[in-house]
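# Chain and residue survey
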Amino acid sequence: MEIDFVITWVDMNDPEWQTEFSKYSGHKDNTKNGVSEARFRDNGFLKYWFRGVEKFAPWVRKIHFVTSCQKPEWLDANHPKINFVNHKDFIPSEFLPTFNSVVIERYLHNIPGLAEHFVYFNDDFYIINHVKEERFFRNGLPCDIAVFTYNPSWSQWYKRIKNNVRIINRHFNKKEVMAKHRDKWFDKSYGMKARWNYILKHYDKFITLRVPHNAQPYLKSTFTEVWTAAGKELTETSANKFRALTDYTPELFRMWQICKGDFSPYNTYSDTKMFPLMVRPKQAAKAISQQSYSLICLNDNVHIRNYDAVMENIRNSFQQILPEKSSFEL
């Protein structure tokens, strides 16, 4: 089984990108999530992503590096494992340029040469300890956790998740799904995280699934199936150049996989962790230096206090565990 990695990245300091961004963002509030600096800025950690892949996941077949015609000056364009992918290579031209990550993500299956089995990374997801292929795929299926979670109505992100759930309920019968794949929905590894599964197993409709904010394994064929079922909705909302409440997020594809039973039960929280740097910067730096997890997410925010010092601490922690240049670096 060949497994690819896909990572999306943007250089917000690129003058051409800035011109396009200003043109389309207009007078939008740049502290809002869809257009804020924290959504696009690069803290100089990308080289540690590549170092982590080479040291801790050398088995990866190909890395599809997705950008808007950009390349870090230190990255080797001729490395045999890297496939540089521009947005125009896989996203229909009528929706470009786009600054909406969920639009970029829904077209990933169109990346030329992408393997059937791939793992999707945002550029704030990092591998900091050894992982095997079986961490992401077992018996040809993505490793994932199928557990429900409370859906807070005040969250704009979860309002978008609700859009996904409407499509899921249109195509899947919840009771039938949970009965057919009972062992996967009530796997022992989930522990207390499965409590809502027991509470809601007799309820007719799906609600939000818990979403581990980290590297996500997918089957490329899942994207094709979802597009066949919901192509109208996905096409219409592809016009959203920035995040909007009408969006459909990548969790639609993940939830489709789970409802079909196309996953292998795995408590992804056992070796992954998301750190909001606004409130847990010291814990994040410590987790990196001590390699407390296999995968982490460093969630940026425009309201981080002592921003430069926080990023310096994170950088020092990465340097402790990944001091040597990778073959991906010039």
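Before going into details, it helps to say that this report is about the structure given with it.

### Considerations on the pattern of salt bridges
Here the structure, examined in full by the defined rule, presents 12 salt bridges. Among the ionic pairs, arginine 61 bridges to glutamate 2, the shortest N-O distance being 4.0 Å. Taken together, the positions of arginine 61 in the loop between α2 (46–56) and β2 (62–67) and glutamate 2 in the segment before β1 (3–8) put the pair 59 residues apart, joining distant regions of the chain. A relative accessible area of 52% means that glutamate 2 is categorised as exposed. Here glutamate 233 makes a salt bridge to arginine 170, at a shortest N to O gap of 2.9 Å. On the criterion of sequence distance, the pair formed by glutamate 233 in helix α8 (residues 220–237) and arginine 170 in helix α4 (residues 156–171) is long-range, its members being 63 residues apart.

### A look at the packing of α8 against helix α9 (residues 251–260)
For the pair α8 and α9, interaxial distance at closest approach is 10 Å and the crossing angle is 125°. As far as their axial angle goes, α9 and α8 are oblique. In this structure, α8 meets α9 at a crossing whose hand is right-handed. Contacts between α8 and α9 pair Thr222, Phe223, Glu225, Val226, Trp227, Ala229 and Leu234 from the former with Leu252, Phe253, Trp256, Gln257 and Lys260 from the latter. A class-by-class count of the residues in the contact of α8 with α9 yields 8 nonpolar, 2 polar and 2 charged.

### Topic: the sheet that holds β1
Taken in spatial order, the 5 strands line up as β3-β2-β1-β4-β8 in an open sheet, and their pairing is mixed. Two strands close off the open sheet at either side, each with one partner strand: β3 (82–86) and β8 (216–219). Looking at each pair of strands side by side, their axes are set apart by 25° on average, direction ignored. Two strands pair when backbone bridges link them, and β1 and β2 are joined in this way by 5 bridges, in the parallel orientation. Pairing of valine 6 across the sheet is with histidine 64, part of β2. Here α2 sits on the sheet and contacts β1, β2, β3 and β4 (117–121); the angle it forms with β2, its principal contact strand, is near 165°.

### Observations concerning the nonpolar core
One finds Phe90, Trp185 and Phe206 to be the most contacted residues of the largest nonpolar core, which totals 47 residues. Listed by contribution, the elements that provide at least two residues to this core are α3 (101–106), β4, α4, α5 (174–180), α8 and α9. Element by element, the count of residues in this core is highest for α9, at 6 residues. Once residues lying within four places of it in the same chain are set aside, the contact partners of tryptophan 185 are Ala146, Phe148, Val177, Met178, Tyr190, Asn197, Phe206, Leu209 and Ile258. The next biggest cluster of nonpolar side chains, apart from the first, holds 45 residues, and it includes Phe5, Leu219, Ala287 and Leu322.

### So, the environment of methionine 274
On the secondary structure map, methionine 274 appears in strand β10 (residues 272–276). By relative accessible area, methionine 274 is classed as partly exposed at 32%. Sequence-wise, methionine 274 and histidine 213 are 61 residues apart; in three dimensions their C-alpha atoms are separated by 6.3 Å. Residue contacts for methionine 274: discarding those within four places in its chain leaves His213, Cys297 and Asn299.

### Some remarks on unusual backbone geometry
The omega torsion across leucine 96 and proline 97 is -5°, close enough to zero to call that bond cis. On the secondary structure map, proline 97 appears in the loop between β3 and α3. For cysteine 69, which is not a glycine, the phi torsion comes out positive at approximately 60°. Tracing the sequence through the fold places cysteine 69 in the loop between β2 and β3. Note on cysteine 69: relative accessible area 52%, which makes it exposed. Positive phi, close to 55°, is recorded for asparagine 139, a residue that is not glycine. You can see asparagine 139 is positioned in the loop between β6 (137–138) and β7 (141–144).

Rules used throughout
Residues numbered from 1 in each chain as written. Predicted model: local features only at pLDDT ≥ 70, side-chain atom pairs only at ≥ 80, totals over all residues. Heavy atoms only, no water. Salt bridge = Lys/Arg side-chain N within 4 Å of Asp/Glu carboxyl O. Helix = DSSP H or I, 4+ residues; strand = E, 2+ residues; numbered from the N terminus. Buried < 20%, exposed > 50% of the residue type's maximum accessible area, 1.4 Å probe, protein only. Axes fitted to C-alpha atoms, helices over the stretch in contact; angles between N-to-C directions. Parallel < 35°, antiparallel > 145°, perpendicular 65-115°, else oblique. Left-handed = near helix turned anticlockwise from the far one by under 90°. Contact = heavy atoms within 4.5 Å. Nonpolar A, V, L, I, M, F, W, Y, C, P; charged D, E, K, R; others polar. Pairing = 2+ DSSP bridges. Core = buried A, V, L, I, M, F, W, Y, C linked by side-chain atoms within 4.5 Å.

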